[in-house]
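Breakdown of the fold
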Amino acid sequence: MNSILCDRLTIAFTKSPTQLGLQGKTVNRIWASILSLLFWLSVSIAASFYSVPNAFALEYNKEILLEADFSGRDLTDSSFTKANLRSSNFSHSNLRGVSFFAANLESVNLEGADLSNATLDSARLIKANLTNAVLEGAFAASARFDGAIIDGADFTDVLLRRDEQDKLCKIAKGTNPTTGRNTRDTLFCS
């Protein structure tokens, strides 16, 4: 079977198109079709590699991810609901719209992270490092910040319990390098 195919290919490539009974226009059409097919095939392969979005919303709900490294990642709209993330690293990550509802964020590094519009309700941010983090518009009702480092953090429009706000005002200092806002001002400290 293979020898028959090889013989036909040999004949096709050793004889001229006129010897095979093909006209010049027909040969040109065949080559144009083959080249067009190869072009569109290469375009589709290239598009499949370059059209992948930068971030996929991921779900880590109820996962145990102790000391996990998420630093510098784009985790927009991902969910870590009720996840145990103790001592994990989210420094300089894009966490816009992320849900940390009831998550254990004890000793987590959130330095320079963008937590805009994130859900931190009922989260434990005990001893968390929020240095220069942006929390603008985050929902943090019932979140606990005992021992957190908030130097330069931006709490603009963050919904907090009054007692947590008072605790944070006692330690608030610095200016956020991204937004240019003073931490004490964003917490409405007196």
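We now turn to the structure provided with this report. (Residues numbered from 1 in each chain as written. Predicted model: local features only at pLDDT ≥ 70, side-chain atom pairs only at ≥ 80, totals over all residues. Heavy atoms only, no water.)

With respect to the nonpolar core
Core analysis: the largest hydrophobic core is formed by 41 residues, its most contacted members being F80, L85, F90, F100, F145 and F155. When residues no more than four places from it in sequence are discounted, the contact partners of L85 are L65, F70, F80, F90, F100, N104, L105 and V108. (Core = buried A, V, L, I, M, F, W, Y, C linked by side-chain atoms within 4.5 Å. Buried < 20%, exposed > 50% of the residue type's maximum accessible area, 1.4 Å probe, protein only. Contact = heavy atoms within 4.5 Å.)

Thoughts on the environment of T186
Positionally, T186 belongs in helix α4 (residues 183-186). The spatial distance from the C-alpha of T186 to the C-alpha of A172 is 9.7 Å, given a sequence separation of 14 residues. Those residues in contact with T186 that lie beyond four places of it in its chain are A153, D154, F155, T156 and R181. (Helix = DSSP H or I, 4+ residues; strand = E, 2+ residues; numbered from the N terminus.)

Section: the packing of aromatic side chains
Enumeration over the complete set of coordinates arrives at eight aromatic pairs. Taken together, a centroid distance of 5.6 Å and an interplanar angle of 85 degrees make the contact between F90 and F100 edge-to-face. On the criterion of sequence distance, the pair formed by F90 in the loop between α2 (24-50) and α3 (162-171) and F100 in the loop between α2 and α3 is long-range, its members being ten residues apart. Considered together, F90 and F100 belong to a single accessibility category, that of buried residues. Taken together, the ring pairs connect Y60, F70, F80, F90 and F100 into an aromatic cluster. (Phe/Tyr/Trp six-rings, centres within 6.5 Å; stacked < 30°, edge-to-face > 60°.)

Some remarks on the environment of F139
Looking at the secondary structure, you find F139 in the loop between α2 and α3. A relative accessible area of 35% means that F139 is categorised as partly exposed. Remark: the alpha-carbon pair of F139 and S99, spanning 40 residues in sequence, is separated by 9.5 Å. Ignoring any residue separated from it by four or fewer positions in sequence, one finds F139 in contact with A118, T119, L120, D121 and L159.

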